[in-house]
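# Remarks on the overall topology
If you want the building blocks of each chain, they are given just below.
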Amino acid sequence: MVTLFLSIIITAFQINFPVNAVVLDKQAAKNAFNLINTIRHDPKKYAKEFRFSSNLKISRTALRWNDTLVKVAEIKASEMATKDYFSHRNPEGYGINYFIKKAGYLLEAEWTKNNSDNFFESIAASSDDGYGLVKTMIIDAGNPDFGHRKHLLGIGKWNASLLDIGIGLARRDSGSKYKTYVSIVIAKHHW
């Protein structure tokens with residue numbers, strides 16, 4: 001009887017948690033959030049490690065954790081891991097602006113005219129943890145306009161105006177090209 005009971009529990013456990021399941025790492029996402037705000041607060045401390053000029057005009061405004069944007073970012077990161085793609089547009093062609101609006105976060109109508117638009121998301125994928133992924137995006141090697149760096153650190157008038165953040169960090173041990181996918185959504189409500 002005990003053996004049968006244990007067999008049922010083990011079988012149920014395997015069904016609920018397959019080996020190649022996508023797992024959201026909420027603590028790593030929060031750590032990434034804290035790191036971004038720490039760098040914004042004291043950029044000179046991180047300039048050498050993250051390879052940017054200590055004179056760079058980084059927004060000192062702390063970003064606010066936004067649960068709606070977190071859900072959007074978590075779904076996006078999970079979808080990239082599940083469907084094994086890495087892009088600002090999902091396989092159906094929708095960009096993050098569409099999903100932000102669909103989640104109920106109010107955006108300017110102009111920002112959602114084209115369903116494929118992305119004004120608010122930075123993504124990364126590798127085997128790194130949250131710290132490594134944020135570092136990769138801020139260094140932004142191979143990206144001549146440093147778009148991820150500008151987005152995360154609030155560089156420039158547009159990026160400095162973005163106040164709310166949500167981060168989704170998804171891990172998958174097998175079944176996708178990368179083990180870790182992150183979506184960082186930094187946005188603002190309509191004017």
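What counts and how
- Residues numbered from 1 in each chain as written.
- Predicted model: local features only at pLDDT ≥ 70, side-chain atom pairs only at ≥ 80, totals over all residues.
- Heavy atoms only, no water.
- Helix = DSSP H or I, 4+ residues; strand = E, 2+ residues; numbered from the N terminus.
- Buried < 20%, exposed > 50% of the residue type's maximum accessible area, 1.4 Å probe, protein only.
- Contact = heavy atoms within 4.5 Å.
- Axes fitted to C-alpha atoms, helices over the stretch in contact; angles between N-to-C directions.
- Parallel < 35°, antiparallel > 145°, perpendicular 65-115°, else oblique.
- Left-handed = near helix turned anticlockwise from the far one by under 90°.
- Salt bridge = Lys/Arg side-chain N within 4 Å of Asp/Glu carboxyl O.
- Expected span 1.5 Å × (residues − 1).
- Polar contact = N/O pair within 3.5 Å; in protein donor to acceptor, adjacent residues only side chain to side chain.
- Core = buried A, V, L, I, M, F, W, Y, C linked by side-chain atoms within 4.5 Å.
- pLDDT = per-residue confidence, 0-100.
- Phe/Tyr/Trp six-rings, centres within 6.5 Å; stacked < 30°, edge-to-face > 60°.
- Pairing = 2+ DSSP bridges.

### Let's talk about the overall build of the chain
Looking only at helices and strands, one finds eight helices and five strands in the chain. In sequence order, the chain lays out its α and β elements as α-β-α-α-β-α-α-β-α-α-α-β-β. The buried share among the 191 residues of the chain stands at 43%. Summarising the internal contacts of the chain: among those between residues at least 6 apart in sequence, 67% fall at separations of at least 24.

### Examining the packing of helix α2 (residues 26–41) against helix α6 (residues 130–139)
Where α2 meets α6, the closest approach of the two axes is 8 Å, and the angle between their N-to-C directions is 45°. Overall, the two elements α2 and α6 adopt an arrangement that is oblique. Handedness of the crossing formed by α2 with α6: right-handed. Along its contact with α2, which presents Ala-28, Ala-32, Leu-35, Ile-36 and Ile-39, the element α6 presents Gly-130, Tyr-131, Val-134 and Ile-138.

### Examining the environment of Val-185
Tracing the chain through its elements places Val-185 in strand β5 (residues 180–187). Sequence-wise, Val-185 and Ile-96 are 89 residues apart; in three dimensions their C-alpha atoms are separated by 8.2 Å. When sequence neighbours within four positions are dropped, the list of residues in contact with Val-185 reads Leu-69, Ala-73, Ile-96, Ile-100, Phe-120, Glu-121, Asp-164, Ile-165 and Gly-166.

### Concerning the pattern of salt bridges
Per the counting criterion, the structure on display carries nine salt bridges. Note that Arg-171 and Asp-25 form a salt bridge whose closest N and O atoms lie 3.1 Å from each other. Separated by 146 residues along the polypeptide, Arg-171 in strand β4 (residues 164–171) and Asp-25 in the loop between β1 (23–24) and α2 bring together distant segments of the chain. On the basis of relative accessible area, Arg-171 is assigned to the partly exposed category, the value being 24%. The salt bridge involving Glu-121 is made with Lys-76; its shortest N-O contact spans 2.9 Å.

### Considering α2
Over its 16 residues, α2 extends 23 Å from the first C-alpha to the last, a length consistent with the 22 Å expected when each residue adds 1.5 Å. Among the residues of α2, Ala-28, Ala-29, Ala-32, Phe-33, Leu-35, Ile-36, Asn-37, Ile-39 and Arg-40 are the ones counted as buried. At the N-terminal end of α2, a side-chain oxygen is found 3.4 Å from the backbone nitrogen of Gln-27, two or three residues along, and the residue is Asp-25.

### Brief notes about the side chain of Asp-164
Along the chain, Asp-164 falls in strand β4. Polar contacts involving the side chain of Asp-164 include one to the side chain of Arg-64, which spans 2.9 Å. Each residue touching Asp-164, except ones within four places of it in the same chain, is listed here: Arg-64, Asn-66, Leu-69, Tyr-105, Val-185, Ile-186, Ala-187 and His-189.

### Overview of the nonpolar core
Phe-52, Ile-100, Phe-120, Ile-167 and Ile-184 are the most contacted members of the largest nonpolar core, which has 39 residues in total. Tallying contributions element by element places α2 first for this core, with seven residues.

### Concerning the confidence of the model for the chain
For the chain, mean pLDDT is 89; residues scoring 70 or higher make up 89% of the total. For the chain, helix α1 (residues 2–16) is the element with the lowest average pLDDT, namely 41, and strand β2 (residues 64–65) is the one with the highest, namely 98. Low pLDDT, under 50, characterises residues 1–17; the predicted model gives this stretch zero contacts beyond four residues in sequence or across chains.

### Observations regarding the packing of aromatic side chains
Going through the model one piece at a time under the given rule, you end up with 13 aromatic pairs. Ring centres of Tyr-178 and Tyr-181 lie 5.8 Å apart, and the angle between their planes is 80°; on these two criteria the pair is classed as edge-to-face. The class of Tyr-181 is buried, set by a relative accessible area of 0%. Ring pairs connect the aromatic residues Trp-111, Phe-119, Phe-120 and Trp-158, which therefore count as one cluster.

### Regarding the pairing of β4
Taken across its eight residues, β4 has seven buried, putting it largely inside the fold. Here two bridges tie β1 to β4, and the two strands are oriented antiparallel to one another. For Val-23, the partnering residue across the bridge sits in β4 and is Arg-171. Where β2 meets β4, two bridges bridge the pair, whose relative direction is parallel. Residue pairing in the sheet places Arg-64 in a bridge with Asp-164 of β4.

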